Amino acid sequence: VCLEGEGKQVEMAPRQQHARKKADHAQLCASSAITLALACSIALVFAQPASAVSFQKTADITGPPDALLPRNFSTGQGKIGAKVAEAEKSYDSSSHSFTTVAASTCTPVEGTIHGEGKSLDASGKILVVGGDDGRAVAHCTTTRCLAPDKKFSINPEDATDSSYSVPMCARTGYTPVKGKTVHVAALDDQLAFAGGGCVELFRLEDNLDWVHVASFPQTMDSKDGLSLVPQYFGSLVTLSEGVMAVTGAVQVKGSAVPAPAVVLFLSISQLTWVQVDTITCSDPVCACPGWAGGSQVGSASSCMGGFGSAVAVQEQLLAIGLPNNNSVLIYRQRGAGGTQGLDVSWEFATVISGGTGVSGLGASLAMGRQLLVAGYPSLVGGSGAKVYSMVSDPGVAVPFGKEVYDTRADCCTLKLRCCTSGLVGSAVSAMQQQDTVHVIVGDPLGRQALLVDCNTLSLLSDSPHAVCHMEAAVNPPAGEDTAGAPEHPQRNFGGAVAINGDDFVVADANQGCSSPSTGKGCGCITHVPSCPPGFCLLYDWSESRHVCLGCGDASQCPGSIHSCAIEQAGIFAVTSLGTALIFVLCCCLCSVNLRLLASSLTSCWHVIVDICCCLPVHRREGEEGLLGEDEERREREEEKREREREREREVQ
């Protein structure tokens, strides 16, 4: 190794060789650090969502989010009908994006309930699930909530366990059957458990504790001299602002078969509810299969197919499903009253029919202020969920009761498994945020949940855009998607759905279940994060969870499951700042005169480094810089001058 100096080759001293080795090590470390920093900066850009329609996993994961899981399922059938064909022509894939996502890990809420998720409901504060073993649990989901989980049981053996609340209503000596499904409902800070012939209403007080509000029924007497049958009361329950609807049955004189009924309750104060009306149907088409002889059969004696198979209430409107007639009956509240003797009733308003090619409409219901969602799961003729307008104002573009959307059209257009699945619409839920209604539709046979967004402004004007469109299909967690596999016939992903604040919730009540007699908990709940309009999903790497980032108005940032685009999340700004900091580091390294592999750099790069670092990197062939080279050169020059002065003195 030689250093060119004073026109001749001079062998390097051991000290200089050691200095060169130190410089080589420093150069290697500096180059590695710069390369690693640049690689991390690039990875930061590409690890973020690349578009506004990609999706990452939800808050309960422990590592980085999984990538989008694209799916494209063939229908396995030929023509799907003129209506679907027409929808295929009108479907504009450029105006609405569609994606398929994998849900987070499916986990139980309580862990000891068998069939957890058999019934499911949620509000912005509460998530409540019921099992098929007579137990249920409510969990408050806000970060400020300090209340413990609220557990409920209709089983006699749990009556002595202080951790469980038990039915306390008047049941005229009726003893509930063990192991029936407990149905649940939630609204804001209120929740209801329905089972064992009773409905128990609770309220979350100051995020600290659960307060018992009331037990229902308060009397077994109904209107028109009819009596409620205890074992059928509470087969379903739903809550709205100041209104509660409970399905049940009344004993009809001269008939051994009870008639299905819906009982209405009104709130006249925060802790006072009164029974105000009972709607019954004794027509043969309203009969509930399995109720012949008055025997209690099925899950909580639900009226499958008959009057009250599903029920939804929203302020003054009441919707009752009648799948046997392929219809939904709409009732409207009439009358008013004071604190005593309320003269309030619900009168029949209209009937919504599923139409041709559809059977079983009304098996599941969800209703908001402007839209009604009705499921029609059927193994014959296709299945899905329809959306209807509930706007009754005069002059609106879409009249009251008109169909505005059918999931099956989009399912077949997008070639999803829900096009041929027979149980789409087994469960539905909806929630309105500003002008957008988020809808989730369960498909337990296809092991999917469908996410649909509806724009209510399209109901009020002659808008050329469709009211609703399909946003995404939610599949089971990665590695658990066994739809149609014969070795997993018990899976039930999508059998129950709800919306908990901004999160979509999907239940699989059969996950890990073997037999109710084992006494072990099974079933699970999974979450899909979303955001309100005007926000987008951004993954928080520090906490392994999603956060909602404000990104503009709803037209540019529709919310739901849409992840933040790079420009919305400010990734460009962060990357630019990071690159600038890295460049400053390079200049700092240049300033201490570390060698930068000049021999491998192009002349263009030499110019850039010369300009930015103010230090020439290009050197003559055979010349390389060392740490302390300038100081050594000065010492040599000084020694040379000193020798010349010595010669001059000797000459003199």
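Scroll up for the structure.
Residues numbered from 1 in each chain as written. Predicted model: local features only at pLDDT ≥ 70, side-chain atom pairs only at ≥ 80, totals over all residues. Heavy atoms only, no water.

## Brief notes about the overall build of the protein chain
Across its full length, the protein chain holds eight helices and 34 strands. A buried classification covers 50% of the 652 residues belonging to the protein chain. Within the protein chain, contacts between residues at least 6 apart in sequence are counted, and of these 55% link residues at least 24 apart. (Helix = DSSP H or I, 4+ residues; strand = E, 2+ residues; numbered from the N terminus. Buried < 20%, exposed > 50% of the residue type's maximum accessible area, 1.4 Å probe, protein only. Contact = heavy atoms within 4.5 Å.)

## So, the pairing of strand S12 (residues 209-216)
Here strand S11 (residues 198-205) pairs with S12 via seven bridges, running antiparallel. Residue pairing for S12: Phe202 is matched across the bridge by His212. (Pairing = 2+ DSSP bridges.)

## Structural notes on the state of the cysteines
Under the defined criterion, the tally for this structure stands at 10 disulfides. The disulfide that involves Cys140 links it to Cys145, with 2.0 Å between the sulfurs. The sign of the -90° torsion about the S-S bond sets the Cys140-Cys145 disulfide as left-handed. Each member of the pair, Cys140 as well as Cys145, carries the same accessibility label: buried. Note on cysteine connectivity: Cys169 is disulfide-linked to Cys198, with sulfurs 1.6 Å apart. With the S-S dihedral at roughly -80°, the linkage between Cys169 and Cys198 falls on the left-handed side. One end of the pair, Cys169, is in the loop between strand S8 (164-165) and strand S9 (183-187); the other, Cys198, is in strand S11, with 29 residues separating them in the sequence. Residue Cys198 is classed as buried on the basis of its relative accessible area, which comes to 0%. (Disulfide = S-S within 2.5 Å.)

## Looking at the environment of Ala310
Along the chain, the position of Ala310 falls in the loop between strand S17 (272-280) and strand S18 (311-314). A relative accessible area of 5% places Ala310 in the buried class. Put simply, Ala310 and Ser235 are 75 residues apart on the chain and 9.8 Å apart in space, counted from C-alpha to C-alpha. Leaving out residues up to four positions away in the same chain, Ala310 has contacts with Leu236, Ala319, Ile320, Gly321, Gly362, Ala363, Ser364 and Leu365.

## Digging into the sheet that holds strand S32 (residues 524-528)
Strand pairing in a sheet relies on backbone hydrogen bonds. The paired strands run either parallel or antiparallel. The strand order S30-S31-S32 describes an open sheet built from three strands, whose pairing is antiparallel. Only two strands of the sheet have a single neighbouring strand rather than two, namely strand S30 (496-500) and S32. Strand-to-strand twist of the sheet, defined as the mean angle between neighbouring strand axes without regard to direction, takes the value 25°. Of the pairings in the sheet, the one linking S30 to strand S31 (residues 503-508) comprises five bridges and is antiparallel in character. If you follow Asn500 over to S31, its bridge partner there is Asp503. (Axes fitted to C-alpha atoms, helices over the stretch in contact; angles between N-to-C directions.)

## Considerations on the pattern of salt bridges
Taken as a whole and judged by the stated rule, the model has 14 salt bridges. Measuring nitrogen to oxygen at the nearest pair gives 3.9 Å for the salt bridge that ties Lys151 to Glu110. Of this pair, Lys151 sits in strand S7 (residues 150-153) while Glu110 sits in the loop between strand S3 (99-102) and strand S4 (119-122), and the two are 41 residues apart along the sequence. The salt bridge involving Glu638 is made with Arg645; its shortest N-O contact spans 3.6 Å. A residue is classified by how much of its surface remains accessible, and Glu638, at 38% relative accessible area, is partly exposed. Classification of Arg645 by relative accessible area gives partly exposed; the value is 34%. By sharing partners, the salt bridges in this structure join Glu638, Arg641, Glu642, Arg645, Glu646 and Arg649 into a single network. (Salt bridge = Lys/Arg side-chain N within 4 Å of Asp/Glu carboxyl O.)

## Considerations on the packing of aromatic side chains
Per the counting criterion, the structure on display carries four aromatic pairs. Consider the rings of Tyr331 and Phe348, whose centres lie 5.7 Å apart with planes at 80°: the pair is edge-to-face. You can see Tyr331 sitting in strand S20 (residues 327-336) and its partner Phe348 sitting in strand S21 (residues 343-353), a full 17 residues away along the chain. Ring pairs connect the aromatic residues Phe152, Phe193 and Phe202, which therefore count as one cluster. For the cation-ring pair, Lys151 lies above Tyr164, with the distance from its terminal atom to the ring centre recorded as 4.7 Å. Above the face of the Phe400 ring, Arg332 is positioned so that its terminal group lies 5.5 Å from the ring centre. (Phe/Tyr/Trp six-rings, centres within 6.5 Å; stacked < 30°, edge-to-face > 60°. Lys NZ or Arg CZ within 6 Å of the ring centre and 35° of its normal.)

## Let's talk about unusual backbone geometry
A cis amide bond links Phe216 to the next residue, Pro217, at an omega of 5°. Take Pro217: it is sitting in the loop between S12 and strand S13 (227-228). Despite not being glycine, Asn207 has its phi angle at roughly 60°, a positive value. Tracing the chain through its elements places Asn207 in the loop between S11 and S12. Positive phi values are uncommon outside glycine, yet Asn326 reaches one of about 55°. Its place among the elements puts Asn326 in the loop between strand S19 (317-322) and S20.

## With respect to the nonpolar core
Ranked by internal contacts, the top residues of the largest apolar core, which has 27 residues, are Leu450 and Cys454. Of all elements in the fold, only strand S23 (371-375), strand S24 (385-389), helix H3 (407-413), strand S27 (436-443), strand S28 (448-455) and strand S29 (468-475) reach the threshold of two or more residues within this core. In this structure, Cys454 is in contact with Leu371, Val387, Asp435, Thr436, Val437, Val439, Val467 and Cys468, ignoring residues within four places of it in sequence. Counting residues in each nonpolar core, the second largest holds 22 residues, with Ala192, Phe233, Met244 and Trp273 among its members. (Core = buried A, V, L, I, M, F, W, Y, C linked by side-chain atoms within 4.5 Å.)

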